[in-house]
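# Observations on chain architecture
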Amino acid sequence: MGHKQYLAVSQTARNRIFGLAPRISGGKRTLPLNMLISQQGKINHGRLAVIMFSICTVVLGIILSFVPWLDYIIFRELRLWNGSLSYSYWQKPGVVRLTKVYIFNVTNPQGFIENGEKPKLAEVGPFVYREDMEKVNIKFHDNDTVTFQHNKILRFVPELSVDKTQKLVVPNIPLLTVTSFSPNLAGFVFNLLVTGLAITYKDRAKPFVHVTAEELVFGYNDPLVTLAHYFYPKGKRPNSQMGLLLARNGTLDEVSTIYSGEKMDRFGYLDKVNGMDHLPHWRDKPCNNIRASEGSFYPPRAVTKSDMVYVYDKDLCRVMPLQYRKDIYKDGIKAGYYTPPSSTFECADVNPDNKCYCEGEQCPPRGLQNISPCQYNAPVYLSFPHFYDADPTLLEPFDGLKPDEKRHKTYFYIQDKIGVPLEGFVRVQMNLKVNRAPNIKVNDINKFPDIMFPVMWLEEGIHEITTPIWRWIYLATTVGPIAAPVISYSMIIFGLTILLTVFLKAYKNFVIGQNSIEIMELGKETLRSTLMHGTHKVTNKEVYQPLNQFSSSISSEKLQEMIYVRSDCLSQSVDELKGKVRSDFVKTIFSEAERESLICSDNSFIQSEHRRCRVFKLPDSYFS
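Presented here is a report on the structure given in the accompanying data block. (Residues numbered from 1 in each chain as written. Predicted model: local features only at pLDDT ≥ 70, side-chain atom pairs only at ≥ 80, totals over all residues. Heavy atoms only, no water.)

### Examining the overall build of the protein chain
Each helix and strand in the protein chain was counted, giving 16 helices and 19 strands. Buried positions account for 47% of the 624 residues belonging to the protein chain. For the protein chain, the accessible area works out to roughly 32200 Å², and carbon and sulfur atoms hold 55% of it. (Helix = DSSP H or I, 4+ residues; strand = E, 2+ residues; numbered from the N terminus. Buried < 20%, exposed > 50% of the residue type's maximum accessible area, 1.4 Å probe, protein only. Areas by Shrake-Rupley, 256 points an atom, 1.4 Å probe, with all protein chains shown as cover.)

Here it is in structure tokens:
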């Protein structure tokens, strides 16, 4: 039938468009490759720009899919240089860093000294201090290092603390330090010294003193400390007052040099302290090793593939190892959970690496470490709070100590990809090792037994990072790994889609525009037989003949009467008739792009049909 033949013609044209074998005979016609960027021999600059943009997009997407470009951006901003994102966080963190102090108040000093009772310890605290810290005197060097000093100010936070003015009973650290050396020296000298103190400074010559938390932490006057300050050699001279954290305020004398991140496997680790590549307090390795973080950054575990990181604090007088335990999530960010290994304060018999901390003395039991070289040779020992994870014998002489893992364990949450701590607390206890002085009977000092006496413990660290830092870390470690491949593959798909669209559009326009005559010739006989089918002999009169000879499948609504054009209509303009027939034929069969090409083309077929004197106009409803 007629309209199906039109569809057949249209299908043939489309076969040519999509590269299938055409129905018409003749040799194959090759299409020039420059059809994508030229039109009628002229370069289409807009199309050329689109093609070049698409190609660049595809190439860039492929490159980005194979290159770790996100890691490059992250590590560039992570590395310390004046202007990087991490520099401002490192130079002045802005995080809320708190130091909480808990002091052991001795409630039965007389019963302990005179009657031999167990010391009853009551933990008093916390006394909370906010640490405002920044790095000063910063100097960058060409060997991937940066030198700086810490400037710290501790401010008391009363709303988080107990009353800091209450009097507490604690061991007299300066006095017991001096008397502990008496067995090795002439006893009468120490008796004379203590007797003089008892006369001049009555309250300062007793085994226990009454002080406030503020005095114990940030200093009180003591005659023995004053004497030591004047008579000790310069460089080893203690402060003029007795205070456990007295040296923490102000710009610290210690000059630190750390790696700035050119090589991420050592990022944030110390290179030198006061110009030395080892700790001067210990003679042998690994005790004098300083290859550890000062607390701001750690080498990313994703780079080092190591489960161990190290942290250094002057008050620890050593490097503390931290071992990876498991993955956790902190505020939506994946991080590693790190704690000190059980061998940290292990006895030297079990862990030989700790033997170098026992210079010239018997090594302490598990859970203790001598830090006297950092405390002006005072017999101060470090442990975890309440002797957590220590030898049980250390707990036996006391009442009131209750080790608790949740409250007393040191831990860190460190983001594995960039090495930034999200949360972390160092919890340590200061203990005074007292050796009995049997020859000093003043104020019953000789009754003070050999004991490892807890004085106080402190917790310092951060509970959370600031919102801007969290946002940067979240984008770099959570959003970035998902967004990076999505961006890369989207660029490839986007570029290929544009290239395919441009190619199909250009190819379709080329085939239709160059072969419209061929397409029309192909449908010439079909259209002519359809139009002439069932008509009567031509006369000079106006004749109306119903098309009742057509197939019954074509309804009367579809086919109206065909109008015979009188001979005098032949004088109409060829261009006008050509446009009518051409537009009606094209409109019913082809798409919008095909229709436009055919209508605008100059087809000799239509003109020849007009000259045959019979032109019929099929109504639009016929093809609907």
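### Digging into the nonpolar core
The biggest cluster of nonpolar side chains holds 111 residues, and the ones touching the most others in it are Val101, Ile103, Phe448 and Phe453. Here the element with the most residues in this core is strand β17 (residues 451–462); it accounts for 8 residues. Setting aside its immediate chain neighbours within four residues, Phe448 contacts Phe112, Ile113, Leu176, Pro207, Phe208, Val434, Arg436 and Phe453. Listed in part, the 6 residues of the second largest apolar core include Val178, Leu224, Ala437 and Ile440. (Core = buried A, V, L, I, M, F, W, Y, C linked by side-chain atoms within 4.5 Å. Contact = heavy atoms within 4.5 Å.)

### Quick notes on the pairing of strand β10 (residues 308–313)
Bridge count for β10 against strand β11 (residues 318–330) is 6 bridges, and the pairing is antiparallel. Directly across from Val309, in β11, lies its bridge partner Leu322. Hairpin connection from β10 to β11: 4 residues lie between these consecutive antiparallel strands, with Cys317 at a positive phi of about 60°. (Pairing = 2+ DSSP bridges.)

### Some points on the packing of aromatic side chains
Tallied over the full model, the rule gives 26 aromatic pairs. Summarising the aromatic geometry, the rings of Phe208 and Phe453 are spaced 6.0 Å apart at their centres and angled 65° between planes, so their arrangement reads as edge-to-face. With a gap of 245 residues between them, Phe208 in strand β7 (residues 208–212) and Phe453 in strand β17 connect regions that are remote in the sequence. Both residues of the pair, Phe208 and Phe453, count as buried. Here the aromatic rings of Trp282 and Tyr357 are separated by 5.0 Å at their centres, their planes lie at 90°, and the arrangement is edge-to-face. Of this pair, Trp282 sits in the loop between β9 (270–273) and α10 (301–304) while Tyr357 sits in the loop between β12 (333–339) and β13 (369–370), and the two are 75 residues apart along the sequence. (Phe/Tyr/Trp six-rings, centres within 6.5 Å; stacked < 30°, edge-to-face > 60°.)

### Some thoughts on the pattern of salt bridges
Side-chain pairing between opposite charges can occur once the charged atoms of the two side chains come close. Counting across every chain of the model gives 19 salt bridges. Glu294 serves as the salt-bridge partner of Lys135, at 3.9 Å between the closest nitrogen and oxygen. Residue Lys135 is located in strand β4 (residues 121–140), and its partner Glu294 is located in the loop between β9 and α10; the two are separated by 159 residues in the primary sequence. Overall, Lys135 belongs to the buried group, its relative accessible area being 1%. Overall, the relative accessible area of 14% leaves Glu294 in the buried class. Put simply, Glu405 and Lys409 hold a salt bridge, and the shortest N to O gap is 3.0 Å. When its relative accessible area of 18% is taken as the criterion, Lys409 is described as buried. (Salt bridge = Lys/Arg side-chain N within 4 Å of Asp/Glu carboxyl O.)

### A look at the side chain of Glu423
Counting through the fold element by element, Glu423 comes out in strand β16 (residues 421–434). Here Glu423 falls in the buried class, since its relative accessible area comes to 6%. Here Lys330 takes part through its side chain, which lies 2.8 Å from a polar atom of the side chain of Glu423. A polar contact of 2.4 Å, which involves the side chain of Glu423, links it to the side chain of Tyr411. Aside from chain neighbours lying at most four places away, what touches Glu423 is Lys330, Tyr411, Phe412, Tyr413, Ile462 and His463. (Polar contact = N/O pair within 3.5 Å; in protein donor to acceptor, adjacent residues only side chain to side chain.)

### Considerations on a nonpolar patch on the surface
A cluster of nonpolar side chains, namely Met52, Ile55, Val59, Ile62, Ile63, Phe66 and Val67, defines an oily patch on the protein surface of about 650 Å² accessible area. Here Ile55 lies in helix α2 (residues 45–66). (Patch = residues over 30% accessible without salt bridge, like charges linked within 9 Å, V, L, I, M, F, W, Y side chains within 5 Å.)

### Things to note about the side chain of Glu459
With respect to the secondary-structure elements, Glu459 resides in strand β17. At 2.8 Å, the side chain of Glu459 forms a polar contact with the side chain of Arg427. Filtering out sequence-adjacent residues up to four positions away, Glu459 remains in contact with Leu98, Thr99, Lys100, Arg407, Phe425, Val426 and Arg427.

### A word on the state of the cysteines
One pass over the structure, following the stated rule, counts 3 disulfides. With a sulfur-sulfur separation of 1.7 Å, Cys287 is cross-linked through a disulfide to Cys356. Judged by the torsion about the S-S bond (80°), the Cys287/Cys356 disulfide is right-handed. Of the two residues, Cys287 is situated in the loop between β9 and α10 and Cys356 in the loop between β12 and β13; the sequence distance between them amounts to 69 residues. Here Cys356 falls in the buried class, since its relative accessible area comes to 11%. One disulfide in the model links Cys358 with Cys363; its S-S distance is 2.1 Å. Every disulfide takes its handedness from the sign of the S-S torsion; for Cys358 and Cys363 that torsion is 120°, giving right-handed. Relative accessible area serves as the criterion here: at 11%, Cys358 is assigned to the buried category. Taken N- to C-terminal, the disulfide-bonded cysteines of the protein chain are connected 1-3, 2-6, 4-5. (Disulfide = S-S within 2.5 Å.)

### Here we look at unusual backbone geometry
Cis geometry is found at the peptide bond from Gly125 to Pro126, where omega equals 5°. Mapped onto the fold, Pro126 is located in strand β4. Residue Pro286 is reached from Lys285 by a cis peptide bond, and omega for that bond is 0°.

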